[in-house]
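# Report on the structure
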Amino acid sequence: FSATLDWWRIDVDDAITQPTTTSALQQGLFTHDANGRLLVFTNLQNVAQAKNEGIDLDARLRFPGTIVGNVTIRDAATYYITQSTREAGGEWADFNGTYALPRWRNVFSVSTEWQAWEASLFIRTVDGFIDTPNPWTASDPGLIEGVRKVGTNDQWDISAAYTGFKNWRLSGGIVNLWDKTPPYSRTNAVNNQYEQ
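As a starting point, this report considers the structure included with it. Predicted model only: the values in this text are computed from it and were never measured. (Residues numbered from 1 in each chain as written. Predicted model: local features only at pLDDT ≥ 70, side-chain atom pairs only at ≥ 80, totals over all residues. Heavy atoms only, no water.)

## Structural notes on the packing of aromatic side chains
As enumerated under the stated definition, the model contains five aromatic pairs in all. Ring centres 4.7 Å apart and planes at 50° place the aromatic pair W117 and Y162 in the tilted group. Residue W117 is located in strand β8 (residues 117-126), and its partner Y162 is located in strand β12 (residues 153-162); the two are separated by 45 residues in the primary sequence. Given a relative accessible area of 22%, Y162 falls into the partly exposed group. (Phe/Tyr/Trp six-rings, centres within 6.5 Å; stacked < 30°, edge-to-face > 60°. Helix = DSSP H or I, 4+ residues; strand = E, 2+ residues; numbered from the N terminus. Buried < 20%, exposed > 50% of the residue type's maximum accessible area, 1.4 Å probe, protein only.)

In structure tokens, the structure reads:
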């Protein structure tokens, strides 16, 4: 048996972002053309900050020499404490638990190695999230109250490999074994900036 527990935090300065029209105006990112029209520059810029923090747990239990080979059971999970950004020194906005940024992810696996054969089963679980691209904010936590929730998603994958040929490895697998459709996200379906 072995296990690790890690706390991590990643701080990013000068992250790439696309400012809104309002923030571009506030930053002075505008000019006038020869006809007096206002031109506001909302192109990608290195003006954002990001802060991500979480905990990783990885536990393994190995059973060598069983009748089905050397069996390993593993569970690897990540819990996100915060997934926050802010633009040009503004207020931090925490997107943790909102669209495409779930609070936790987990992969449970069982694998075996027997002579020249290997086989694995993976169960991947992704937490649900609030179906909105709007963040939690300190000034208005009610921004996402009453918005629908997308449920947790599980996916089973299997793989097998044969290494009995010299200098060759023959492998194959099935991703999403039960052909399960992930839960519907209205944000993903109607917002043109998302492609997932």
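Alright, that's what it looks like, and here's the rest.
## Comments concerning the side chain of S84
Tracing the sequence through the fold places S84 in strand β5 (residues 69-87). A residue is classified by how much of its surface remains accessible, and S84, at 5% relative accessible area, is buried. Side-chain polar atoms of S84 contact the side chain of T82, separated by 2.5 Å. Those residues within four positions of S84 in sequence are excluded, and the remaining contacts are Q49, A50, K51, N52, W92, A93 and D94. (Polar contact = N/O pair within 3.5 Å; in protein donor to acceptor, adjacent residues only side chain to side chain. Contact = heavy atoms within 4.5 Å.)

## Some thoughts on unusual backbone geometry
Across the chain, the bulk of peptide bonds are trans and the bulk of non-glycine residues have phi less than zero. A positive phi angle, near 65°, is found at N167, a position not held by glycine. Within the fold, N167 resides in the loop between β12 and β13 (170-174). Relative accessible area serves as the criterion here: at 74%, N167 is assigned to the exposed category. A positive phi angle, close to 55°, is found at D179, a residue other than glycine. Note on placement: D179 falls in the loop between β13 and α2 (186-190). Classification of D179 as exposed rests on a relative accessible area of 64%.

## Looking at the pairing of β12
Where β8 meets β12, 10 bridges bridge the pair, whose relative direction is antiparallel. Within the sheet, the bridge partner assigned to S120 lies in β12 and is S159. Two elements, β12 and β13, share five bridges in a ladder whose sense is antiparallel. Looking at the pairing, S159 lines up with G173 of β13. (Pairing = 2+ DSSP bridges.)

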